[in-house]
Amino acid sequence: MRYAETGYNLEIDLSRGNIERVATDPRLTELHLGGLGTNAKIMWDRVPPETEPFSPDNLLIFGTGLLGATPAVGANRTIVTTISPQTQLMAYSMMGGFWAPELKYAGYDKVIFRGKSPNLVYLWINNDKVEIRDASHLQGKGAVETQEFIRQELKEPRAHVAAIGLAGENKVYFASIEQGRSSASRQGIGAVMGDKGIKAIAVRGTKDINLARPAEFIGLSNDVMKYIEHRQKNPIAGVMPILAVLGSPQEMALFDEEWHTQNFMWGNARERKKDFWNKEIEEKWKKTQENVRTRLISCYNCPVKCGATISVPGISTYMMKCFSKLTYTMAAFSDLDFGFRIAQRATEYGVDGYSTPQVMAFALELYEAGILTDQDMPGMPSDNEGRFYWLLDRIVRREGIGDVLANGTYWAAQQIGKGAEKYAHNNIKKHEQLPLKLGMLNPIYFLMYATGEKINITQIEGQFPQSPFPTMEEREEFVKDWIQVPDEKFKEYFLKWDPRGANSMPFYPGVEACCEIVDWMERMHYIDDALGICAGLSSFPLKPPYHMHNYPLFISSGAGIDMDEEGLTKAARRNRQLVRANNIRRGMRRADEKPPEDHWKKRFPELEEALLDGYYKFKGWNRDGIPTKESLKELDLGYVAEDFEQRGIIKDGQD
Ligand code: SF4
């Protein structure tokens, strides 16, 4: 019997209209756990590096995690993997909500699409009955309204539906997949779904998941629930409100936006407004938010309620969470009310709430600089908010200049030329980043930005505080109940970290300590992404309920895989190495691993080189960032080393 997982994937060949239920290999679960790990293995085995994002040979994988749908709190992530049209690398965007548990209850761990459908279709998974259905009547429909249309058409109000909007249909490089209470937004995976001709995937499942030792597992889950309650009653002192609690940053519950509005950049990551926040704005924005926020909502089996349903009078309801509350507002130098209004249209279109506002602000900067002219923007309104709506409508339809902008700032700048490249200044690996520009280089963040392959900083960081605490008393208080550290040395690093003086940034923490800290943070994300646990309860917030010490117990009692901390560390490293191997095979190298040039004002090129050298060595990568033969073999990835050798990526003895 298989525990925690179903042991079956659904394979959908869209070109032939073929549907297969395929048993999976339990040995791969032991090696990679599930979720991102097994997704990466499938990508490695079946998507050769020459494959273009919009080739029929590109796969689109919807993977649940090993613990998905079990009673483990927050085990609800879907990991969507494909080759990104924007970065040309392996993307693995995630969504929460209810979709992944429903898929497992239907009897499948993953849905794997290959080929392309000649017509727009949707997939209906109803336990053992799986059909590809015509979706021509849904063409052009919004990503949120499509979900309701399909539920009504199927007469199944309990179906969970993941859908694309117009942006996905038109292969906008930052198109998202929307799914009721969550979305998978980064790196244009919605464009690949559109290219394959899939409008939506509806799923309804009523089966059970087996657990190896259910009583023990449920006991552990209850402990997690108790710890969540404890953390909610005891927010962490000394950090800004959104970092004090669990979950995705609680933007829907909180009103205090001083930190975001004064520290994040406005426009296309252009201008910081250090004195923006005041009592008057706080009152106004609070009222705006209270007027449109219908209720706070959670994902499957989680009490934290990070999201909210938003109902702006006159337009249909949608879901929002986290910093997307401010992305449009700040990109347009506008007001929160505008942010809530335009986000509704953007969600129906199905676009990433981080990249899209930056792309539009970028276009307006080019217009102001005379690089784009009235000829490029015929009929564009003169007011700022009107311009944003105008641009959004054109981007998702790929009309006129919208067709160029739909490729994101990096590719659009290349196409436009005339100096547009210098306006696309906030990308890593060709992908728009959080609009942050700071003063002093932070060596820990430097490494995360440079080497992270999720290409989204908020999903790499988390376990170690973002900055030092001012006094020793505060630090001692913080480390007192810091049970999550995998080793006591992390407490030492934190205690000695000062805001000023010899033990301050950029030279403290030192290279070795930075490598260990980043490795710990990254390891936790790779574990979450394999298990399907929400990062908001594990790798992202400070002092989370899941950590290195209790995760092995969940895996052992849930999946029946004999696991300890060492084994789990090895599995996470194996998955991390395999994700990297996929990208190395596609040409990614050290030269690609750099934060935006103006991310920090104060840069230290020698230190940055030393950090990268140190981290590469720590991870078992050579000077160019390529995993060495030895490190691959240690992680049972000898076949990757062989492939690298055959392709001349590594040469024997030249690691
Ligand atoms: S912590 Fe928030 S984002 Fe995570 S599962 Fe719970 S409600 Fe969803």
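The structure we're discussing is the one just above.
Residues numbered from 1 in each chain as written. Predicted model: local features only at pLDDT ≥ 70, side-chain atom pairs only at ≥ 80, totals over all residues. Heavy atoms only, no water.

## Things to note about the pattern of salt bridges
- With the rule as written, the count across this model stands at 58 salt bridges.
- Of the charged contacts, one joins R576 and E453 as a salt bridge, the two residues approaching to 2.9 Å between their closest N and O atoms. Of this pair, R576 sits in helix α22 (residues 565-585) while E453 is found in the loop between α17 (443-451) and α18 (472-480), placing the two residues 123 residues apart along the sequence. One exposure class covers both R576 and E453, and it is buried.
- Among the charged side chains, a salt-bridge network with shared partners connects K429, E453, D519, E522, R523, R573, R576, R580, E593 and K619. (Salt bridge = Lys/Arg side-chain N within 4 Å of Asp/Glu carboxyl O. Helix = DSSP H or I, 4+ residues; strand = E, 2+ residues; numbered from the N terminus. Buried < 20%, exposed > 50% of the residue type's maximum accessible area, 1.4 Å probe, protein only.)

## Description of the sheet that holds strand β17 (residues 318-321)
- Read from one edge to the other, the open sheet built from three strands follows the order β15-β16-β17, with strand pairing classed as antiparallel. Where the open sheet ends on each side, the last strands, each with one partner, are β15 (293-297) and β17. Averaged over all pairs of adjacent strands, the angle between strand axes in this sheet comes to 30 degrees, irrespective of strand direction.
- Inspection of the sheet shows β15 paired to strand β16 (residues 307-310) by four bridges, in the antiparallel sense. If you follow L296 over to β16, its bridge partner there is A308.
- Against the sheet, helix α10 (residues 279-292) makes contact with β15 and β16, and its axis sits at roughly 75 degrees relative to β15, the strand it touches most. (Pairing = 2+ DSSP bridges. Axes fitted to C-alpha atoms, helices over the stretch in contact; angles between N-to-C directions. Contact = heavy atoms within 4.5 Å.)

## Describing the packing of aromatic side chains
- Tallied over the full model, the rule gives 37 aromatic pairs.
- When the ring of Y449 is compared with that of W600, the centres are 6.1 Å apart and the planes differ by 85 degrees; the resulting orientation is edge-to-face. Taken together, the positions of Y449 in helix α17 and W600 in strand β21 (residues 600-602) put the pair 151 residues apart, joining distant regions of the chain. Across the pair, exposure class does not vary: Y449 and W600 are buried alike. (Phe/Tyr/Trp six-rings, centres within 6.5 Å; stacked < 30°, edge-to-face > 60°.)

## Considerations on a negative patch on the surface
- Taken together, the side chains of D562, D564, E565 and E566 make up a negatively charged region of the molecular surface.
- Relative to the elements of secondary structure, E566 occurs in helix α22. (Patch = residues over 30% accessible without salt bridge, like charges linked within 9 Å, V, L, I, M, F, W, Y side chains within 5 Å. Areas by Shrake-Rupley, 256 points an atom, 1.4 Å probe, with all protein chains shown as cover. Lys, Arg positive; Asp, Glu negative; His and termini not counted. Charge placed at Lys NZ, Arg CZ, Asp CG, Glu CD.)

## Let's talk about unusual backbone geometry
- Cis geometry is adopted by the peptide bond preceding P506, which originates at M505 and carries an omega value of 10 degrees.
- Position of P506 relative to the elements: it lies in the loop between α19 (489-495) and α20 (511-531).
- Looking along the chain, the bond that leaves Y508 and enters P509 is cis, with omega of -5 degrees.
- Take P509: it is sitting in the loop between α19 and α20.
- Backbone geometry at A269 places phi at a positive 55 degrees, although glycine is not the residue there.
- Turning to its location among the elements, A269 is positioned in the loop between β13 (265-266) and β14 (271-272).
- Not every positive phi belongs to a glycine, and F333 is a case in point at roughly 50 degrees.
- Turning to its location among the elements, F333 is positioned in the loop between α11 (324-331) and α12 (336-349).
- In this structure F333 comes out as partly exposed when scored by relative accessible area, which is 38%.

## A closer look at the pairing of strand β4 (residues 78-83)
- Most of β4 sits out of view: six of its six residues are buried.
- A two-sided burial pattern is seen for β4, the buried positions comprising T78, V80 and T82 on one face and I79, T81 and I83 on the other.
- In the sheet, strand β3 (residues 60-64) pairs with β4 via four bridges, with the strands oriented antiparallel. Among the inter-strand pairings, G63 is bridged to a residue of β4, identified as I79.
- Note: β4 against strand β5 (residues 90-95), six bridges, orientation antiparallel. Within the sheet, the bridge partner assigned to T81 lies in β5 and is Y92.
- Connecting β4 to the antiparallel partner β5 that follows it, the hairpin turn spans six residues, and Q88 within it adopts a positive phi of roughly 65 degrees.

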